[in-house]
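# Structural features, examined
If you want the building blocks of each chain, they are given just below.
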Amino acid sequence: MTGNISLAQGREYLAIPGPSVMPDAVLRAMHRAAPNIYAGELVEMMPGLMADLRRVVRTEHHTAIYICNGHGAWEAALSNVIAPGEVVLVPASGRFSHGWAEMAEGLGAECQIIDFGKSAPWDLGRIAEALKADTAHRIKAVLAVHVDTSSSIRNDIAGLRAVLDEVGHPALLMADCIASLGCDVFEMDGWGVDVTVTASQKGLMVPPGLGFVFFSERAAEKRASMPRVSRYWDWVPRANPAEFYQHFGGTAPTHHLYGLRTALDMIHAEGIEQVWARHAVLARAVWAACTVWAEGGDLVMNVADPAYRSHAVTALRLDSGKGAALREWTEANLGLTLGIGLGMAAPGEPGYGKFFRLGHMGHLNGQMVMGLLGGIEAGLQALDVPRGAGALEAAAQVLAGG
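Residues numbered from 1 in each chain as written. Predicted model: local features only at pLDDT ≥ 70, side-chain atom pairs only at ≥ 80, totals over all residues. Heavy atoms only, no water.

- The name that an unreviewed UniProt entry assigns to the chain is Aminotransferase class V-fold PLP-dependent enzyme, with the source organism given as Ruegeria alba.
- You can read under Cofactor (unreviewed entry) in the UniProt record for the chain the words "pyridoxal 5'-phosphate". (UniProt positions renumbered as here; feature names shortened; annotations may be inferred.)

The structure is reproduced here in structure tokens:
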């Protein structure tokens, strides 16, 4: 009888790795009439908003906001510091590393890619060798993805800065924190990052539409030497506006700013260290369940070493090829949407249906994670997927112990 009854009514759960679950408080803040964009509340709240953004990124440097997604933020960052013909080094550990490289190539840069595959973190020794070989210092920047959302690998940004310093290479260190900001520990100034790129729709808990670029004095000096930067992407007026509209190159993203103000209030009320700690515990609960399921021989976590796993997203595969079927079942029967396996295999390739991802980022608590894992357990059972027993108990044990 239960097989014929839909259990998908009620509030749906979007457990994809961005856009993340939007807090009701953020949505309420955005549900308002359009404000005056020339004077009053919106204009007056910008200095505090910018300061609180810097607190999340752990920087005292410059901030520029763009009306765009993460891809736009990639282009904004590159446009200010990389001229056509210049070289960038890209250590790649997933699809989004290659995506940023493609963006650089589109702007006329030459990309040197060191591909570490889709399941392994950077080998800092190989990166050091590439930098040492660049005796003419043709490499002007290293494009470093902190967490690649496709593979769920978390890379060592601080270690990469140490490599640059040890070999004495002057390249800018540019970090993509689109998936990691507000989820994994990130210290822009403490780690010596020159340019940080992120977006609103993941750990910052705001709908897609805002991109952010934070840049150091070294990056500002490189910008000053550029032969040209388009008026829209130029970060100088955005970071140091003479008038309010220059923050955005035109009309402000009014409702997103109200949502962002509320999201930042939530983050700072909890405390960024507590936010990081919460994500770490919730991620361990997810991994504990997945480890037990993997005992059945079908489910595999993409990143074997927990030290290199993101606290925001987990990439998985079912070797039986039922990854896509699992996503379809949980959404149709439970109202639970899991993430597609992005970048692990191309559509049409034999392995495409194996992969899926779990987003555990942003506005998330323990009971939500247990609901996510319980939904997956039901789907695995419905699809007769071999799995180990006791996955939910393992996750509960992590949560019970904190």
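### Here's the deal with the packing of aromatic side chains
- With the rule as written, the count across this model stands at seven aromatic pairs.
- Between Trp74 and Trp100 the ring centres are 6.3 Å apart and the planes differ by 15°, which places this aromatic pair in the stacked class. You can see Trp74 sitting in helix 4 (residues 70–81) and its partner Trp100 sitting in helix 5 (residues 95–106), a full 26 residues away along the chain.
- According to the relative accessible area criterion, Trp74 is buried, its value standing at 1%.
- Residue class for Trp100 comes out buried when judged on its relative accessible area of 0%.
- Taking the centre distance of 5.6 Å and the plane angle of 70° together, the rings of Phe244 and Phe248 count as edge-to-face.
- Site record: aromatic cluster; members linked through ring pairs are Tyr66, Tyr232 and Trp233.
- Taking NZ or CZ as reference, Arg32 lies 3.6 Å from the ring centre of Tyr258, over its face.
- One Lys or Arg, Arg309, reaches over the ring of Trp287 and ends 5.1 Å from the middle of that ring. (Phe/Tyr/Trp six-rings, centres within 6.5 Å; stacked < 30°, edge-to-face > 60°. Helix = DSSP H or I, 4+ residues; strand = E, 2+ residues; numbered from the N terminus. Buried < 20%, exposed > 50% of the residue type's maximum accessible area, 1.4 Å probe, protein only. Lys NZ or Arg CZ within 6 Å of the ring centre and 35° of its normal.)

### Observations concerning helix 12 (residues 323–334)
- For helix 12, with twelve residues, the first-to-last C-alpha span of 16 Å sits near the 16 Å given by 1.5 Å per residue.
- Inspection of helix 12 places Gly323, Ala324, Leu326, Arg327 and Thr330 among the buried residues, and these make up the whole buried set. One side of helix 12 carries all its buried residues, which in axial view fall inside an arc of 165°. Within helix 12, the exposed residues directed more than 90 degrees away from the buried face are Glu328 and Ala332.
- Those residues of helix 12 hidden inside the fold are in contact with strand 12 (313–318), strand 13 (336–340), strand 14 (355–359) and helix 13 (366–382).
- Positive phi shows up at Gly335, right after helix 12, with a value of about 75°. (Expected span 1.5 Å × (residues − 1). Arc of directions from axis to C-beta. Contact = heavy atoms within 4.5 Å.)

### What to know about the UniProt feature "domain: Aminotransferase class V" (unreviewed entry) in the chain
- UniProt feature "domain: Aminotransferase class V" (unreviewed entry): in the numbering of this structure it lies at residues 40–285.
- As annotated, residues 40–285 comprises 43% helix and 18% strand, and the C-alpha atoms at either end are separated by 45 Å.

### Digging into the pairing of strand 12
- In terms of residue burial, strand 12 counts as a mostly covered element, since five of its six residues are buried.
- Across three bridges, the pairing between strand 11 (residues 299–301) and strand 12 is antiparallel. Each residue of the ladder has a partner; that of Leu299, found in strand 12, is Leu318.
- Across five bridges, strand 12 lies against strand 14 in antiparallel orientation. Across the sheet, residue Thr314 finds its bridge partner in strand 14, namely Leu358. (Pairing = 2+ DSSP bridges.)

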